[in-house]
Amino acid sequence: MSALPSGAPGRRPPPAPRAGAASPLAPPLASANSFSAWLGVVLAVVLFSGGLFGYDQGVISGALTGIKSTFALSPLVVEVVTSWVTLGALLGAVAGGELADRIGRKRAVLIAGALFTSGAAVQALAPVTEILVAGRLIIGLGVGVAAVAAPLYAAELSPAAWRGRFVSAYQLAITIGIFLAYLIDGWLSSDESWRAMLGAAAVPGLLLFVVALVAPESPRWLMKMSRRSEAAIELKKVSPDMKIEVELDSIALALSHASKGATWGEALSPEWRRPLMVGLGLAIFQQVTGINAIIYYADQIFGAAGFATEASRTTVTTWAIGGVNVLATLIAVAFIDRWGRRKLLLAGLIGMTASLIVVGGALRFITLAAPVAASAASAGPSVAGIVTLVGLVAFIVSFAFSLGPVVWTVINEIFPGRIRGRAVAICTAVNWGSAFLVSQFFLSLVDAIGSSLAFWLFALLSGVGWVWVWFYVPETKGQSLEQIQLIWKGLAK
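Residues numbered from 1 in each chain as written. Predicted model: local features only at pLDDT ≥ 70, side-chain atom pairs only at ≥ 80, totals over all residues. Heavy atoms only, no water.

Asker: Tell me about the overall build of the chain, residues and numbers included.
Answerer: Helix and strand content of the chain: 22 helices and zero strands. The buried share among the 493 residues of the chain stands at 58%. Within the chain, counting contacts between residues at least 6 apart in sequence, those at least 24 apart form 84% of the total. Within the structure as shown, the chain displays about 18700 Å² of accessible surface, and the carbon and sulfur contribution to it stands at 70%. (Helix = DSSP H or I, 4+ residues; strand = E, 2+ residues; numbered from the N terminus. Buried < 20%, exposed > 50% of the residue type's maximum accessible area, 1.4 Å probe, protein only. Contact = heavy atoms within 4.5 Å. Areas by Shrake-Rupley, 256 points an atom, 1.4 Å probe, with all protein chains shown as cover.)

This is how it looks when you write it as structure tokens:
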């Protein structure tokens, strides 16, 4: 029976070919115990890329007070300073796909490192608001390029048995970066320290550039560019136990099934509509289920829940959001290649749906009890406030081992090599666009329908996401990228 997932409503996709099954594109994989030093370099590139993204995402919350004091910003300009990173990331994601396909995955990462370093320096030295905004845009471009190039790089250079862990490491690094940013914001809490907060990203940005200089290029990209001898050298570095020529023949055969000279139009062609639908759906559900609304507005949410002092809100945000996010992401890194992508996604969405329902109910109770809560603010958080905290922690845990890292893993492994860079860029750009819409309009949504209904809406979308994953997302663990391509081509038996 064909392994092509059914697009018909009401049908669960059949399981993908088991790892190691006979296939014209299934060469022997590298030993799971063979971890070369060059794979460590690949992992370092992924960790630095994700960490820089996370640090910049988290550090702005602590720097804004000092920025507003230095430049006397209006609320509108504050929104511009905050949001132009997202705008830059959207543009960088589109550019990142083009760069990754034209000049290679490694050089795209080098450009991201240069953008991170220069953007951080521009922000730290900005004499006027306009220069600060330009620095934020440059940082955003770096974020967008890295968000495409780094997971793509990891997916193409890691052995199939470890690919999920390598790509998930990008999301883990994002959570570590956010957590470190929260800690640094606490240490550099004076208004005059915002330049040091923002400028600190220049150091790891420079380290990313240096590591990427010595890192190997993707053998799959080199094969696409008809540079087989170079591909053999790079593949031997990262997977010394692999049968190099057999693997290169497999890659060449997979590339031969794709048309020459891939374009943006080919990435959107009907032939690859099914994997693109999977990638776009995961990119959208990752954002519209509320993660960025909670991260960006955690302080206000915890304030409404009864955490009255700034110190208490900072502590809760740092550890309940930042710390828990890191620890729970480790679950995905540890088990994504053992349990599979689908199981983690489905389990996480169940937890997200349930926890959002609880948070919405607790916030509803808090809203109804607001007059009483206001008269007893000094008493600390109420029972409903504690329930809100527990519900948000449960949500963060559920998201961090499912939609957080698994989405990036699946997006970077489901597309054929010739269009992979552009297709991943499309999905990443849609992800950033969804993130912008949620963060931009969350407070307006709360004003319009109330906080409890807003969280119940997120719960509804999480439930819809579970149904969508059940019917449309296939399992891809343990398969080479060429075997995954066969799922969509309908060639695997």
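Asker: Describe empty space enclosed by the protein, naming the residues involved and giving the relevant values.
Answerer: Tallied over the full model, the rule gives three cavities of 30 Å³ or more. Each pocket or cavity is described by its volume, and for the largest cavity that value is around 240 Å³. Surrounding the largest cavity, 18 residues form its lining, Phe 53, Gln 57, Gln 171, Gln 287 and Asn 292 being those nearest its centre. Of all the secondary-structure elements, those providing two or more residues to the lining of the largest cavity are α1 (37-71), α5 (163-187), α12 (273-288), α13 (291-296) and α20 (420-449). (1 Å grid on protein atoms, 1.4 Å probe; cavity = no way out; pocket = protein on both sides within 12 Å on 5 of 7 lines; lining within 4 Å. Points joined across faces, edges and corners; volume = space filled by probe spheres on them.)

Asker: Report on unusual backbone geometry, specifying residues and quantitative values.
Answerer: Phi angles above zero are rare outside glycine, and Ala 72 is one such case at about 50 degrees. Of the residues examined, Ala 72 reaches a relative accessible area of 66% and is grouped as exposed. Although it is not a glycine, Ser 226 adopts a positive phi angle of roughly 60 degrees. Note on placement: Ser 226 falls in the loop between α8 (219-224) and α9 (228-238). Take Ser 226: its relative accessible area is 68%, and that puts it in the exposed class.

Asker: How would you explain the packing of aromatic side chains if you had to name every residue and give the values?
Answerer: Evaluated as defined, the whole model comprises twelve aromatic pairs. Ring centres 4.2 Å apart and planes at 10 degrees place the aromatic pair Phe 335 and Trp 339 in the stacked group. Separated by four residues within a single helix, Phe 335 and Trp 339 lie in helix α15 (residues 310-339), roughly one turn from each other. By relative accessible area, which is 23% here, Phe 335 ends up partly exposed. The exposure class assigned to Trp 339 is partly exposed, which follows from its relative accessible area of 40%. (Phe/Tyr/Trp six-rings, centres within 6.5 Å; stacked < 30°, edge-to-face > 60°.)

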